[in-house]
Amino acid sequence: MLKSLLTVSGSAYGFIDEMFHTSEGKPYLSARAITDISWNEQTRGMYAQFVSGTLNFTKLESLFGAVMTTGKPVIANNAPNDPRRGGVPPGHPALNAFLGLPLHSNNRFVGVIGLANRPGGYSEEVITYLQPLVQACANLLAAWRSERQREEAEAALASRTIQLEAANKELEAFAYSVSHDLRAPLRGIDGWSHALVEDYGGKLDAQGREYLATVCAETQRMGRLIDDLLQLSRVTRAEMRREPVDLSALAGSILAGLRQHDRQRQVETVVAPGLTATGDPQLLRLVLENLLGNAWKFTSKRAQARIEFGRLAGPLPSAGATSIAASGDAPYNGTVFFIRDNGAGFDMAHAAKLFGAFQRLHRPSEFPGTGVGLATVQRIIHRHGGRVWAEAAQDTGATFYFTLATNESNHD
Amino acid sequence: MTKRPILLVEDNPSDIQLTQRAFAKSNIANELVVAEDGQAALDYLFGDPGRGLPAVVLLDLKLPRVEGLEVLRRIRTDQRTHLLPVVILTTSKEEQDMVQSYQLGANSYIRKPVSFVEFSEAVARLGVYWLALNEAPPVGK
């Protein structure tokens, strides 16, 4: 390309440079093609730098600098005396006439062509004459640049993927170790406390036995915490399937299970028919298990408990919803599911803590729990590209809303 | 009820004693042979051809020297033991453990509960099932 430019314009030597900007926004040029004018040790070094792709020109007080700063062609037929000149390195062939041409492609200034020492100098006619060749050069440079940027983005993505896979593997190994090694000693503490009661119970008074019962209860609690924590991490690690899920049927079976375990309770349950979504069946089951399980738990002190699973008709509820909405404020037209109960509710002042792991809004003596359930729910909903939020009032009940982005269309 | 011993492959001394305790509580009279790592288990099974096989192997997964899944793989690939009932008795219920255990031919997978009461119940049921209820595969087939 440079050779053609030199031949057509009758120039002695020249360059084609790509333009970049420093982090401070200062433009500079990086050589893409340059005539080998190695005339001494220093310039041979320059040419070697060019071959390795690191030959940069940063001087703005120069003839090529004038092209960079103005974006316009520069003709300097009396280069040695031109006020814009920046001088040439020692040993550089004399620069008598210079033509600098900006390279524009799609309204973007992508580079500069520099040509030197055309016998008789340069003129507007030469610029016009060179125009098709210059444009081809600009397009080539732009295409090359976008190809390189695409490759860079791909490489960055690949390296991120590798990092992410490594992090996931580490998490996997960590969870594996927690699952095996952290629970085993608990079994020992619990087991030997029992052995103590069984073998030496007679030597302990009532208070001593009570202490041991507390030791056992605490180990059980620790065991549940570990299990819940593992589930929380599993929710992040697990591969997601996407398939149609009948949420109404799922909710029905979960509620039937809760009723089975708690036969003495009177709970009115309402499940809207025909609620479906696209997502991971196991993870969505976990969402409903946690939300319905919570509703069941927090209505345990109600004589007339009521739990409802449905979908909102009409626009999103706005008031409290946006304050703790998980992400994004764009208008949402998809389905909003809700689970409503008339249980203990909570003070909206603490709503921000609701979805954090190990955050609880009730005393363990009132309602048991590890505080991992809603964190799990939120992770699953986020993995489905949805949002989850709640509205509640102390002592009158709570409503949990959630959306699933994959509800209406399958993005994969 | 078979009188053949039970082979417990378990490295944690506390777990060994608790398992022995649970077996004693559920009146299981069969001898409980303990191998404290995978190699010891393989030595017991393959070391003395005259000894005969245990009624069931209770196999932990995380073991020193030869780990549990490798013990299981060798049991299944050896003609003498390939039908031997093997129950995985371990702390984790990580999916990878369960899937690999069943893929390698485990007969059952039991996660040891934290609660000793529940653990004792599990051991008692295990004993009833594998020592009385279950018909063991014919020896030498």
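Model, not experiment: these values are computed from the prediction.

Caption draft 1: Up close: the overall build of chain B. Within chain B, the regular secondary structure consists of 5 helices and 5 strands. Counted from the first residue to the last, chain B has its helices and strands arranged as β-α-β-α-β-α-β-α-β-α. Restricting the contact set of chain B to residue pairs at least 6 apart, pairs at least 24 apart contribute 72%.

Caption draft 2: Summary view of the sheet that holds strand 1 (residues 13-21) of chain A. Residue and element names in this part refer to chain A. Spatial ordering of the open sheet is given by 3-2-1-6-5-4, a layout of 6 strands whose pairing is antiparallel. The outermost strands of the open sheet, each flanked by one partner alone, are strand 3 (56-57) and strand 4 (74-76). Sheet topology places strand 1 next to strand 2 (residues 27-34); 7 bridges connect them, and they run antiparallel. Considered in strand 2, the bridge of Phe20 is made with Tyr28. The strands touched by helix 3 (residues 63-70) within the sheet are strand 1, strand 2, strand 3, strand 4, strand 5 (98-105) and strand 6 (108-116), with strand 5 carrying the most contacts at an inclination of about 30°.

Caption draft 3: Highlighting unusual backbone geometry. Residues and elements named next belong to chain A. Although it is not a glycine, Asn106 adopts a positive phi angle of roughly 50°. What makes Asn106 exposed here is the crowd of 9 C-beta atoms within 10 Å. With phi around 65°, Asn117 is a residue other than glycine that occupies positive phi space. Of note, Asn117 is situated in the loop between strand 6 and helix 4 (124-200).

Caption draft 4: Fine view of the interface of chain A and chain B. Across the contact, 15 residues belong to chain A and 15 residues belong to chain B. Elements with a contribution of two residues or more to the side of chain A that touches chain B: helix 4 and helix 5 (206-237) of chain A. In terms of residue count, helix 4 of chain A provides more of the side of chain A that touches chain B than any other element does, 12 residues in total. A class-by-class count of the residues in the side of chain A that touches chain B yields 4 nonpolar, 8 polar and 3 charged.

Caption draft 5: Geometry of the sheet that holds strand 13 (residues 397-403) of chain A. Residue and element names in this part refer to chain A. The strand order across the open sheet formed by 5 strands is 8-10-11-13-12, and the pairing between neighbours is mixed. Every interior strand has two partners, whereas the edge strands, strand 8 (267-271) and strand 12 (388-393), have only one. Strand-to-strand twist of the sheet, defined as the mean angle between neighbouring strand axes without regard to direction, takes the value 10°. By the bridge criterion, 6 bridges tie strand 12 to strand 13 in an arrangement that is antiparallel. Paired with Ala392 across the strands is Ala398, a residue of strand 13. Each of strand 8, strand 10 (305-311), strand 11 (336-341) and strand 13 is contacted by helix 7 (residues 281-298), which is oriented at about 20° to strand 11, the strand it contacts most.

Caption draft 6: Expanded view of the nonpolar core. Membership of the largest hydrophobic core comes to 48 residues, with the highest contact counts inside it found for Val287, Leu288 and Leu292 of chain A. Listing elements by their share of this core, those giving two or more residues are helix 5, helix 6 (247-261), helix 7, strand 10, strand 11, helix 9 (373-383), strand 12 and strand 13 of chain A. With 10 residues, the top contributor of residues to this core is helix 7 of chain A. Here this core spans two domains, since at least three of its residues come from each of domain 2 (145-237) and domain 3 (240-407) of chain A. Discounting residues that sit within four places of it in the chain, Val287 of chain A has contacts with Val377, Ile380 and Ile381 of chain A. Within the second largest apolar cluster, 35 residues are counted, among which are Ala22, Phe23, Leu42 and Val123 of chain B.

The rules behind each value
Residues numbered from 1 in each chain as written. Chains lettered and ligands numbered in written order. Predicted model: local features only at pLDDT ≥ 70, side-chain atom pairs only at ≥ 80, totals over all residues. Helix = DSSP H or I, 4+ residues; strand = E, 2+ residues; numbered from the N terminus. Contact = placed C-beta atoms within 7 Å. Pairing = 2+ DSSP bridges. Axes fitted to C-alpha atoms, helices over the stretch in contact; angles between N-to-C directions. Buried ≥ 20, exposed ≤ 12 C-beta atoms within 10 Å, placed from the backbone. Nonpolar A, V, L, I, M, F, W, Y, C, P; charged D, E, K, R; others polar. Core = buried A, V, L, I, M, F, W, Y, C linked by C-beta atoms within 7 Å. Domains from an automatic or database assignment.

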